[in-house]
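# Understanding the architecture of this molecule
Listed here are the chains, written in short residue letters.
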Amino acid sequence: MKIICVGRNYVAHAAELGNEVPEEPVIFLKPDTAILRENNPFYYPDFSKDIQHEVEVVLKVNKEGKNIESKFAHKYVDEIGLGIDFTARDLQSKAKSKGLPWDIAKGFNHSAPISRFIPIHSFQEISNLSFRLDINGNTVQNGNTSLMLFNFADIITYISKFYLLKKGDLIFTGTPAGVGPVKIGDQLNGYLGEEKLLDFEIK
Ligand code: MG
């Protein structure tokens, strides 16, 4: 399986990092070794001093497809969950300043904690779904899918032009504003709607 991520999909987040609002989705990949499941702790890696949280709604692909038309995109996802796109911001900034790829800053081991997945039909309206991240009981990121620049169908259509989507692939759909550093000892709680799906510690 592969993990496909969308960057800068919320205007306020693009602005907070000083990035332009993109005209097309910004896409990057993480390897399958980035996955961290079942609320296992995240161990702070020694290669970075600035690991930052990005809470995101994650789509799970349920069948193979390419060149998917927007009107059929919903048929390729029947479960959604929550994930953290952990980013070694110091490594990413260094790479960006040199115009180099920032894969390692995004794709290192366990940089993609994911929750369990929930049938999409159990949500009333996925185009207006709130989600948030609390750290040690304080809300640090608060998002709503209605604020995405590119909605789920747009994302699936765009990605499937370049990558054959396969059953089990995960799509991270971008983070709202409020990204920031985590530190050892932090407790992260992520909510999709009112459902607590992420609950793990930084060790
Ligand atoms: Mg992200």
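Right, let's walk through the structure included here. (Residues numbered from 1 in each chain as written. Predicted model: local features only at pLDDT ≥ 70, side-chain atom pairs only at ≥ 80, totals over all residues. Heavy atoms only, no water.)

## Comments concerning helix H2 (residues 89–97)
Inclusion rule: Buried means the residue's accessible area, taken with a 1.4 Å probe over protein chains only, is under 20% of the maximum for its type, while exposed means over 50%, and partly exposed covers the values in between. By the criteria applied, helices consist of DSSP H or I runs no shorter than four residues and strands consist of E runs no shorter than two, each listed in order from the N terminus. In this description, one arc is meant: the one made by directions from the helix axis to the C-beta atoms. Every residue pair with non-hydrogen atoms within 4.5 Å of one another is taken to be in contact.
Within H2, burial applies to Arg89, Gln92 and Ala95. Seen from one end, H2 has its buried residues packed into an arc of 130°, which puts them on one side. Away from its buried face, by an angle of more than 90 degrees, H2 presents the exposed residues Lys94 and Ser97. On the buried face of H2, the contacting elements are strand S4 (51–53), strand S7 (87–88) and helix H3 (103–107). Immediately beyond the C-terminal end of H2, within one or two residues, lies Gly99, with a positive phi of roughly 70°.

## What about the pattern of salt bridges?
Let me state the cut-off plainly: Salt bridges are counted wherever a side-chain nitrogen of Lys or Arg sits within 4 Å of a carboxyl oxygen of Asp or Glu.
Under the definition given, this model contains 11 salt bridges. The partner of Arg89 in a salt bridge is Glu54, and the shortest N-O contact between them spans 2.8 Å. Residue Arg89 is located in helix H2, and its partner Glu54 is located in the loop between S4 and strand S5 (55–61); the two are separated by 35 residues in the primary sequence. Lys196 is paired through a salt bridge with Asp199; the nearest N and O atoms lie 3.6 Å apart. Looking at Lys196, the relative accessible area reads 40%, which means it is partly exposed.

Any functional reading would require information beyond the geometric quantities listed.
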